[in-house]
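# Fold and geometry: a report
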Amino acid sequence: MKTTSASARYARVIVLCACLLGLAGLYAASVMPVGLFPQVSFPRVVVDLDAGDRPADQTVQWLTRPVEEAVRSVPGVINVRSDTTRGSAQISVDFGWGHDMIASTLLLDAAIARILPTLPAGTSYDVRRMDPTVFPIAAYALQSSHLSSVALRDLAINQIVPLLASIPGLAQVSVQGGGVAEIDVDADPRRLAAYGLTLNDVVNAIDNANQLQAVGRVQDRNSLYLVLADHALPQKARAIGQVVIKSSSAGWLRISDIADVHPGIAPQWMQTSEDGKPAVLLNIFQQPDGNALDIATQVRQRLSTLALPVGTQLTRWYDQSDLVVASASSVFDAVWIGTGLSALVLLVFLRSLRITLVAMLTVPLILAITALLLNLLGMSFNVMTLGGIAAAVGLVIDDVIVMVEHMADRATKHVGAYEASREFLLPLSGSSAATLIVFLPLGLLGGVTGAFSKALSLTMACALFVSWLITAWVVPVLAARLIDFRRLQARPQSDEGVLHRAHAWIYDHLHRRPVIMLALLAALVVAGYVGYSRVTTGFMPDVDEGGFVLDYYTRPGTSLPETDRQAAEIEAILRQQPEVETFSRRLGTGLGGDLGQSYHGDMFVRLKRDHQRSTQDVMEAVRSRIASEVPAIQVDLAQQMEDLIGDLTAVPQPIEVKLYAADPDSLPAQARRVAKALHGIDGVVDIADGLQLAGSALDIRVDADKAAAEGTTVAAITQAINTALTGTVATQLPGVLHSIGVRVRMPDALHWRIPDVAALPIGAPDGHVFPLGRVATLTPVNGQPQQSRENLQPMIAVTARIEGRGIGAAMADVQKILRKPGLLDAGTRYELGGLYQQQQIAFAGLARVFAMALAAEFALLLLLYGRISLAIVVLGCSLFSTSAAFVALWLSGVDLNITAMMGLTMIIGIGTEMAIFLVSEYVRLEQALPTATALRQASRNRLRPIAMTTLAAIFALLPLALALSRSAGFQQPLAIVIVAGLLLQCPLVLVAMPMLIGWTHREPQ
């Protein structure tokens, strides 16, 4: 059955089906998950290990290396990297892209569990699969001027967390900071010695007094009873003080007789604050298929119903949904502005409100059905899919415009709408296929680029496929019903003549002087080369996110209070920035789950919505002031998306120089030399030499002979030191909401200095007391290094960020410095990692995709026309148009990054699509006309539709190319490349391509 008769006969059914699909698409759009990034499972697993306090080198030997060897045996592991500090380690395990990461994570966990009995006693581990959901989508700070830190934490855990737990799609609410209540038993060593007791006796007495356990079952009178031995102590210090530790004829000796028992707070090696004041931080995490926008909205709604105690406030310091909403708003603005401008183009050229109305009605219909397809494919709304929708609008409008223009043109020759649509179906299908096949190789990309490009390319492919269906089947029906083609008047001769006379003059002038054409083409090649050589390169597009992450490092080994004091100076600088709205701070931990160190933490700085300076400018101002006013602190600043992607790929910095040597002891000096050399490179900032020290240590060596002379052992003395300094949790007191630990320790041990440790009284079995310094030597050891390894080799990584330059230019300078003689010792090798490595992997993959796209377009052209010379000319013009893209990126100061590279690939498809309209007309005309005449006439016939589609597509993409909103920066490189390519491809197709076809085509004999 012909398309004409089918469309006419089933017109109402076609329109009804289209409307139903559009309504289904609107519903699908309302229930689709929403997030910042696509739902990507990164092939990386992080293992956190903890074995208590011990030297870093011993931790490597007894903990890190055995686990590295165990995980290395898991199928699919390609890289193992670790950082080890005193008693703890973090191991990053990379798998190949495409692996089932749920299964791989379970295998990794099982491998560690098998060797756990061989690891140091008390070793604990946690296995985390890395994906965008491991980072919070929203975060709040809980502060109070009346409640204690313990009460504040209890409020968060016992009231706020349960309140939010039932929100659909919410994974967990983690609580950071605040105090954990406990009862402290500060034992007096003198009194213990007087009664012949030790700290272990105190621990055992408390533990034995607090008993609650099932001891059996009893059956009596047809009932079964569970027998409980219940002597649970209440959560009160007085109850602990009444515990009997020793009884004799002289009476009972209670805990309160030899110790000070009082409520306390568990030792903390982490601090959290908001705007410089202590706070409890609540981090909201979503499930992989959760809707970040709905979750954040419901969190806000539920928290608004919470009645907080007097003087207590809850502050939202981070909300990922703000960025998602801003991105969606920019896309919607771009869609409506672009559609409106395209409608204006249509109205100016065709002078028909009804034709314009038909074209504009199809755009929201196409987008709605596209949302339905995305939902069926299990995708979500994120920065990539939203960007794909915005970029696809210009291409979607093209299909509709050429169809309605063709019907309007054929109407003047008394050809009906259905007949006109039928004869245009082949060119429409070929042009749509030319753009669609470009997205097939894009879908084959791997790595980080593939993870993000698949969402964008699949979105655009769905939109173009739906556009073809609607244009081929729905537009003719709407046009036939809504437009009276008999009354459609041709364009006034004066207007049409201007466009055609200009085209004819240029065409004929260049046809008579081909040297000028060749010179222009050569100039395009030169301009493209200049633009390519001067454009800066990057990885991900620069987006103003309205906030940034600031990592800070004080001198290794700095105490928690001193680091807190120095970090307060950074907070003072932040308060003086007029753009800063609020900031949160962590010390001893980080947003990405870093190794806990007393000298390291991070801040998240949130800017005001209407901030005048860009986020990058604020970051640079803060960085400069910290360098001049707080030089003792090393900082690393990055916007959140860059930091998040970097954490997901193990290294957040663009520059990473990994050093390896046969002699690991030689690496620190070389790392310092490399870092010093990098300071001389323009635009390289936040340079770190990679020498992360675990801090200072106090080495206590007990003399076994002297210990024996005192009547004790080295083990007993070591245990006494551990109990005195760290304390021992003797028991847990059960309660209604939670249990409370009872910690036995020496008085005020957390504030002791080295002389106090030397004077620590040790009780001997015979009851006498002696100072620790009598049997041991105490030696301070400064700067114990943190151990870094990659694939079982010691390694030091020098890292840096780039400010105001492209990655490519900066890395070229880095490599030039690394090649200088004498910088690295003989036997030392280096590798480049970081985001630069990811960029190189991405560019190599995109280059292969570009080649595959060319091959696919070449095959399509051969299939359509069967002429090799014709296919070469068409692809040559498409390649010429890429030169405009390089020049546009260079002049606009936008990096050549992965989205721009994707745009270059799309230009091949879009340029081929435009060429197919003209070539199809030429092939039709050459059957009755000589080649030169057919080419000139085909160019004239396709002048109006090509000019219309080019202008409409450019106007549709213009809001994105100009980045009218701060969040539009993610799609800006893609839009700039496509707009520049269209601006050049239009004259190439209408003028240059017909001439090139004529030069390469021979008349048949």
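Residues numbered from 1 in each chain as written. Predicted model: local features only at pLDDT ≥ 70, side-chain atom pairs only at ≥ 80, totals over all residues. Heavy atoms only, no water.

An unreviewed UniProt entry lists the protein under the name Efflux RND transporter permease subunit, from Dyella jejuensis.

### Quick look at empty space enclosed by the protein
Scanning the model with the defined rule gives 4 cavities of 30 Å³ or more in all. As a volume, the largest cavity reaches approximately 100 Å³. Contributing to the lining of the largest cavity are 11 residues, with Phe135, Val549, Leu591, Gln640 and Asp643 lying nearest its centre. Residue assignment for the lining of the largest cavity shows that the elements contributing at least two residues are strand S16 (312–319) and helix H22 (640–648). Top element by residues in the lining of the largest cavity is H22. It accounts for 4 residues. Looking at the lining of the largest cavity, its residues break down into 8 nonpolar, 1 polar and 2 charged. (1 Å grid on protein atoms, 1.4 Å probe; cavity = no way out; pocket = protein on both sides within 12 Å on 5 of 7 lines; lining within 4 Å. Points joined across faces, edges and corners; volume = space filled by probe spheres on them. Helix = DSSP H or I, 4+ residues; strand = E, 2+ residues; numbered from the N terminus. Nonpolar A, V, L, I, M, F, W, Y, C, P; charged D, E, K, R; others polar.)

### Some words on the sheet that holds strand S21 (residues 655–661)
In a beta sheet, neighbouring strands are held together by backbone hydrogen bonds and run either parallel or antiparallel to one another. Taken together, the 4 strands give an open sheet; going across it, the order is S22-S31-S21-S32, and neighbouring strands pair in antiparallel fashion. Each edge of the open sheet is held by one strand with a lone partner, namely strand S22 (684–688) and strand S32 (828–832). Averaged over all neighbouring strand pairs, the angle between strand axes comes to 20°, with direction disregarded. Pairing of S21 with strand S31 (residues 796–802), which is carried by 5 bridges, proceeds in the antiparallel orientation. Across the sheet, residue Leu659 finds its bridge partner in S31, namely Ile796. Set on the sheet, helix H23 (residues 667–678) makes contact with S21, S22, S31 and S32; between it and S31 the angle comes to about 15°. (Pairing = 2+ DSSP bridges. Axes fitted to C-alpha atoms, helices over the stretch in contact; angles between N-to-C directions. Contact = heavy atoms within 4.5 Å.)

### Some thoughts on the confidence of the model for the protein
Predicted confidence across the protein gives a mean pLDDT of 84, with 95% of residues reaching 70 or more. Mean pLDDT across the secondary structure elements of the protein bottoms out at helix H1 (residues 3–9), with 62, and peaks at helix H4 (residues 101–115), with 92. In this model residues 489–495 is a low-confidence stretch, pLDDT under 50, and it forms 7 contacts with partners more than four residues away in sequence or in other chains. (pLDDT = per-residue confidence, 0-100.)

### A look at the nonpolar core
Judged by nonpolar contacts, the single largest core of 194 residues is most densely connected at Met906 and Met993. The greatest single-element share of this core, amounting to 19 residues, is contributed by helix H33 (residues 972–1000). Here Met906 is in contact with Val438, Phe439, Leu442, Leu456, Met460, Leu974 and Ile978, once residues within four sequence places are set aside. With 40 residues, the next largest nonpolar core counts Leu199, Ala209, Ile717 and Ala749 among its residues. (Core = buried A, V, L, I, M, F, W, Y, C linked by side-chain atoms within 4.5 Å. Buried < 20%, exposed > 50% of the residue type's maximum accessible area, 1.4 Å probe, protein only.)

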